[in-house]
Amino acid sequence: MTNRWLPVEVDTKSAGPDFWVRYHAYRRLRHAETRPDDPITPDDVVEGEMKREDPYELHFRYEISDGNQMLSWLTAGAIRPGTPGYDTNKHLLWVEGSVHRHHRRQGIGRTWIPLLLEVMERHSHTTLSVGTEEKSGHSFLKWLGAESKFTGAENRLKLADVDWAMLESWIAEGRKRSPDTRMEVYDGRLPESMWDDYCPQFSSMLNTMPFEDLDHGEIVVTPPMLAEWLARMDFGNRVGHWMLTREPDGIISGITDMVYAPYTPTIVHQGFTGVRPDARGRGLGKWLKGAMALHVRDLYPNAWWFVTDNAGSNAPMLAINRAMGFRTYREGSEYQITRDALAARLQLR
Ligand SMILES: CC(C)(COP(=O)(O)OP(=O)(O)OC[C@H]1O[C@@H](n2cnc3c(N)ncnc32)[C@H](O)[C@@H]1OP(=O)(O)O)[C@@H](O)C(=O)NCCC(=O)NCCS
């Protein structure tokens, strides 16, 4: 097949103003297509984060443009050698890509295949992972021969509809059922003095999330990684809120966190919520979520929505979220294909 589209690698640290004009115009177009009712992250925040050195991840970024107009953007990420967790994650290449909606079905999307194979071969990745929540994405990925390995959804809670008295009762019930368990609240930043204690317990809870059939590695969060994450939050003026339940022996039995960004004042993001397997069934999840919801409502009276992502198979989390009033906003799937299958697909074309 002759190819009239030319992917060009972008080094965001040295990219000039022309690139950023093209990129932000394209980003706006995609935002209008996928999240038209939400505020958009400001250019300087996005740009600053893309320019920042990432000590733990490799990023490969490419554009296909026609003059001043970006037609397609592709970004791939992988764990950086030497990062904790490298051994179980090194085979994975995580990709996001899209084509300008007025330029689809002209063969631009398929242009990425040889390039992705080249990146995978260069860095010894054997599994390619791509998510989509759009019909065109599902069709394209099925055409490619990738398989859906994980389904999930962005769920949203409209604060105006919340039964706050019910959440108060979850808190009372949680306290009653676990009278020796302490609730800890941290706003703004998790204090550095507790990172050594928090990180291994946080990591072990993250690894209890259901991943369905997804090929994935172990999640490892170390204090320096948490420091980097917090530094990125500081750069974007984002504010974190953490609530923990702690048992009398000092073990953290449950965690929930939320992040507020001043540039999206109507939306507060709910991050991870987890309860240790040996502490489940005591109402800690409801206690944590109820307490956090009330806390964040009081802190941000202009917020309309809480937004969270959940695996379709995460029955306990979905049960709590549904009871709170979270409703499905957009469903999506993560597809994966091996490097060998992708190479074979390329031969077939
Ligand atoms: C997915 C996407 C990148 C495909 O880009 P594209 O340039 O249109 O893809 P191509 O033209 O190379 O399509 C290759 C084949 O995929 C299949 N395909 C792509 N889009 C399709 C659609 N909307 N409906 C049915 N089949 C489709 C077709 O078989 C097509 O070959 P054909 O046109 O010869 O029949 C684009 O639709 C997009 O940006 N979607 C939104 C973002 C997204 O979901 N990205 C994640 C997935 S990569």
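Residues numbered from 1 in each chain as written. Predicted model: local features only at pLDDT ≥ 70, side-chain atom pairs only at ≥ 80, totals over all residues. Heavy atoms only, no water.

Participant: Outline the overall build of the protein chain, supporting the account with residue identities and numerical values.
Facilitator: Looking only at helices and strands, one finds eleven helices and twelve strands in the protein chain. For 349 residues, the compact-globule estimate of 2.2 N^0.38 gives 20 Å, and the C-alpha radius of gyration of the protein chain, at 21 Å, lies within 12% of that figure. Projected onto its principal axes, the C-alpha coordinates of the protein chain cover approximately 70 × 40 × 35 Å. Scored against the burial criterion, the 349 residues of the protein chain give a buried share of 51%. Within the protein chain, contacts between residues separated by at least 24 positions form 75% of all contacts whose residues are at least 6 apart in sequence. Accessible area of the protein chain: about 17000 Å², with a carbon and sulfur share of 52%. If the 42 positive side-chain charges of the protein chain are averaged to one point and the 48 negative ones to another, these points end up 5 Å apart. (Helix = DSSP H or I, 4+ residues; strand = E, 2+ residues; numbered from the N terminus. Rg over C-alpha atoms; globule rule 2.2 N^0.38 Å. Buried < 20%, exposed > 50% of the residue type's maximum accessible area, 1.4 Å probe, protein only. Contact = heavy atoms within 4.5 Å. Areas by Shrake-Rupley, 256 points an atom, 1.4 Å probe, with all protein chains shown as cover. Lys, Arg positive; Asp, Glu negative; His and termini not counted. Charge placed at Lys NZ, Arg CZ, Asp CG, Glu CD.)

Participant: Hey, could you go over the packing of helix 6 (residues 164-177) against helix 10 (residues 315-324) for me, with residue numbers and the actual values?
Facilitator: Interaxial distance between helix 6 and helix 10 falls to 10 Å at its minimum, and their mutual angle equals 135°. One element, helix 6, and the other, helix 10, form an angle in the oblique class. Residues Met166, Leu167 and Trp170 of helix 6 form the contact with helix 10, whose participating residues are Ile320, Ala323 and Met324. Among the residues forming the contact of helix 6 with helix 10, the class breakdown is six nonpolar, no polar and no charged. (Axes fitted to C-alpha atoms, helices over the stretch in contact; angles between N-to-C directions. Parallel < 35°, antiparallel > 145°, perpendicular 65-115°, else oblique. Nonpolar A, V, L, I, M, F, W, Y, C, P; charged D, E, K, R; others polar.)

Participant: An account of the environment of proline 81 is needed here, citing residue identities and associated values.
Facilitator: Looking at the element boundaries, proline 81 is found in the loop between strand 3 (69-79) and helix 3 (86-89). As for proline 81 and leucine 58, which are separated by 23 residues in sequence, their C-alpha atoms are 8.8 Å apart. Not counting residues up to four positions away in its chain, the partners in contact with proline 81 are Leu58 and Tyr86.

Participant: Explain the site of the ligand residue by residue, including any values.
Facilitator: With respect to spatial proximity, 21 residues lie near the ligand, and among them Gly97, Val99, Arg105, Gly109 and Thr132 are the closest. Measuring from an oxygen atom of the ligand, one finds a backbone N or O atom of valine 99 at 2.6 Å. Between an oxygen atom of the ligand and a main-chain N or O atom of glycine 107, the distance comes to 2.8 Å. Taken by itself the ligand offers 890 Å² of open surface, and the protein chains cover 80% of this. Looking at the shell around the ligand, the elements with two or more residues in it are strand 4 (92-99), strand 5 (127-132) and helix 5 (135-144). Looking at the shell around the ligand, the element that brings in the most residues is helix 5, giving six residues. Residue classes in the shell around the ligand are distributed as six nonpolar, ten polar and five charged. (Near = heavy atom within 4 Å. Polar contact = N/O pair within 3.5 Å; in protein donor to acceptor, adjacent residues only side chain to side chain.)

Participant: Please provide a residue-by-residue account of the packing of helix 9 (residues 284-299) against helix 10, values included.
Facilitator: With their axes 11 Å apart at the nearest point, helix 9 and helix 10 run at an angle of 40° to one another. Classified by the angle between their axes, helix 9 and helix 10 sit oblique to one another. Pair helix 9 / helix 10 crosses with right-handed handedness. On helix 10, the residues touching Gly285, Lys286, Lys289 and Ala293 of helix 9 are Met317, Ile320, Asn321 and Met324. In terms of residue class, the contact of helix 9 with helix 10 is built from four nonpolar, two polar and two charged. (Left-handed = near helix turned anticlockwise from the far one by under 90°.)

Participant: Break down the side chain of asparagine 310 for me, citing the residues and quoting the values.
Facilitator: Counting through the fold element by element, asparagine 310 comes out in strand 11 (residues 305-311). A polar contact is formed between the side chain of asparagine 310 and the side chain of asparagine 321, at a distance of 3.1 Å. Residue contacts for asparagine 310: discarding those within four places in its chain leaves Gly152, Ala153, Asn155, Met317, Leu318 and Asn321.

Participant: How would you sum up the sheet that holds strand 4? Please name residues and give values.
Facilitator: The strand order 1-2-3-4-5-12-6-11-10-9-8-7 describes an open sheet built from twelve strands, whose pairing is mixed. A single partner strand is all that each edge strand has here, and the edge strands are strand 1 (8-9) and strand 7 (182-188). Bridge count for strand 2 (residues 57-66) against strand 3 is ten bridges, and the pairing is antiparallel. Paired with phenylalanine 60 across the strands is alanine 76, a residue of strand 3. Along the sheet, helix 4 (residues 112-123) contacts strand 2, strand 3, strand 4 and strand 5; its crossing angle with strand 2, the most-contacted strand, is approximately 160°. Strands in contact with helix 10 are strand 6 (147-158), strand 10 (267-275), strand 11 and strand 12 (327-338); relative to strand 11, the strand with the most contacts, it is inclined by about 155°. (Pairing = 2+ DSSP bridges.)

Participant: Would you mind going over unusual backbone geometry in detail, with residue names and values included?
Facilitator: Even without being a glycine, arginine 105 presents a positive backbone phi close to 60°. Note that arginine 105 resides in the loop between strand 4 and helix 4. For arginine 105, a relative accessible area of 85% corresponds to the exposed category. Even without being a glycine, glutamate 212 presents a positive backbone phi close to 50°. Locating glutamate 212 in the fold gives a position in the loop between helix 7 (195-206) and helix 8 (223-235).

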